[in-house]
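# Structure assessment
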Amino acid sequence: MDLSEQPLFKKLISLELPVNDFFVAGSGPMLAHGIRSSVGDLDIVARGAAWEKALRLGVPSLAPLGYVDHIVLASGEIEVLNGWFDYDVDQLFSECEVFSGIMFAPLFRVIEWKVRLGREKDRDDIQAINRHFGVRRSTLDGR
């Protein structure tokens with residue numbers, strides 16, 4: 001899938017965030033893997049130069065789930081966060097996969113935080129990821 005043709009990714013690319021300092025989290029990795037055909041918004045985890053650029057584009061506030069600050073851009077369609085829950089951000093960056101020149105959190109991490117949140121929509125996403133891997137139950141170790 002060419003992500004550069006997706007409207008949300010066009011908006012993300014237009015922000016000109018330094019590509020080595022952000023990755024797509026939330027449900028975005030499901031789109032990159034072709035598990036979902038669309039997402040309502042993009043959750044972007046930024047550090048260093050990407051976070052500094054985001055600070056020039058908007059005003060930070062405490063993210064709804066706490067833990068970190070976020071900047072809401074593109075009429076709410078892009079949320080740039082300076083962390084992800086209580087994870088070690090550098091560890092998450094080291095695990096990223098690249099699609100269309102953009103880093104994405106790996107699917108095993110997507111399952112991990114969706115299990116943690118436990119919302120109905122998250123349960124549906126976990127099932128879809130597991131179908132993608134051809135398994136019946138959630139695994140958290142990425143294997």
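Rules of the game
Per chain, the residues get numbers from 1 upward, laid out in the order the sequence is written. Per-residue local features of the predicted model are confined to residues with pLDDT of at least 70, and side-chain atom pairs are confined, for both listing and counting, to 80 or more; whole-chain, interface and lining totals are unaffected and use all residues. Based on all heavy atoms of the structure, the side-chain values leave hydrogens and waters out of the count. Think of a salt bridge as a Lys or Arg side-chain nitrogen and an Asp or Glu carboxyl oxygen that are within 4 Å of each other. Only DSSP runs of H or I reaching four residues or more are called helices, and only runs of E reaching two or more are called strands; each is numbered from the N terminus. Buried residues are those whose accessible area, probed at 1.4 Å on protein chains only, stays under 20% of the maximum for their type, while exposed residues exceed 50% and partly exposed ones sit between those limits. In summary, the pairing rule links any two rings of Phe, Tyr or Trp, Trp by its six-membered ring, whose centres are within 6.5 Å, and it sorts them by plane angle into stacked for under 30 degrees, edge-to-face for over 60 and tilted for everything else. Comment: the charge-over-ring label is applied if NZ (Lys) or CZ (Arg) is within 6 Å of the ring centre and within 35 degrees of the ring normal. To estimate the expected span of a helix, subtract one from its residue number and multiply by 1.5 Å. Whether two residues touch is decided by their heavy atoms; if any such pair falls within 4.5 Å, the residues are in contact. A pair of strands is considered paired only if DSSP assigns at least 2 bridges between the two. Scored between 0 and 100, pLDDT is the confidence that the predictor attaches to each residue.

Next up on the list: the pattern of salt bridges. All told, the structure shown has eleven salt bridges when counted by the stated rule. In this structure, the salt-bridge partner of Lys11 is Glu77, at a minimum N-O distance of 2.1 Å. On the criterion of sequence distance, the pair formed by Lys11 in helix H1 (residues 7–14) and Glu77 in the loop between strand E4 (69–73) and strand E5 (78–81) is long-range, its members being 66 residues apart. Taking relative accessible area as the criterion, Glu77 reaches 25% and is therefore assigned partly exposed. Ionic pairing is found between Lys114 and Asp125, a salt bridge with its closest N-O pair at 2.8 Å. Here Asp125 lies in helix H6 (residues 120–133) and Lys114 lies in helix H5 (residues 107–117), a separation of eleven residues in the sequence. Asp125 carries the same exposure label as Lys114, and that label is buried. What you see here is one network of salt bridges that share partners, running through Arg36, Lys114, Arg119, Asp122 and Asp125.

This part covers the packing of aromatic side chains. Tallied over the entire structure, the rule returns seven aromatic pairs. On the basis of an interplanar angle of 45° and a centroid distance of 5.8 Å, the ring pair of Phe9 and Phe104 is categorised as tilted. Taken together, the residues Phe9 in helix H1 and Phe104 in strand E7 (residues 102–104) connect sequence positions 95 residues apart. Like Phe9, the residue Phe104 is buried in the burial classification. Here the aromatic rings of Phe23 and Phe93 are separated by 4.9 Å at their centres, their planes lie at 85°, and the arrangement is edge-to-face. Of this pair, Phe23 sits in strand E1 (residues 22–24) while Phe93 sits in helix H4 (residues 89–95), placing them 70 residues apart in sequence. The same class applies to Phe23 as to Phe93, namely buried. Each member of the aromatic cluster is reached from another via a ring pair, and the members are Tyr67, Trp84, Phe85, Tyr87 and Trp113. Taking the ring centre of Phe93 as reference, the NZ or CZ of Arg47 above it sits at 3.7 Å.

So, on to H6. With 14 residues, H6 extends 20 Å between its outermost C-alpha atoms, agreeing within 8% with the 20 Å of an ideal straight helix rising 1.5 Å per residue. Listing the buried residues of H6 in full gives Asp122, Asp125, Ile126, Ala128, Ile129 and Asn130. Residues of H6 that are buried in the fold lie against helix H2 (28–32) and H5. Backbone geometry just after H6 places Gly134 at a positive phi near 75°.

So, about the pairing of strand E2 (residues 42–46). On a regular strand, each side chain points to the face opposite its neighbour's, so the side chains alternate between the two faces of the sheet. With respect to burial, E2 is a largely interior element, five of its five residues being buried. Side-chain alternation along E2 places Leu42, Ile44 and Ala46 on one buried face and Asp43 and Val45 on a second face that is also buried. The sheet contact formed by E1 and E2 spans three bridges and is antiparallel. Residue pairing across strands places Phe23 opposite Val45, the latter belonging to E2.

Per-residue confidence for the chain gives a mean pLDDT of 91; residues scoring 70 or more make up 93%. This stretch, residues 136–143, has a pLDDT under 50; its non-local contacts, to residues over four places away or in other chains, come to 13 contacts.

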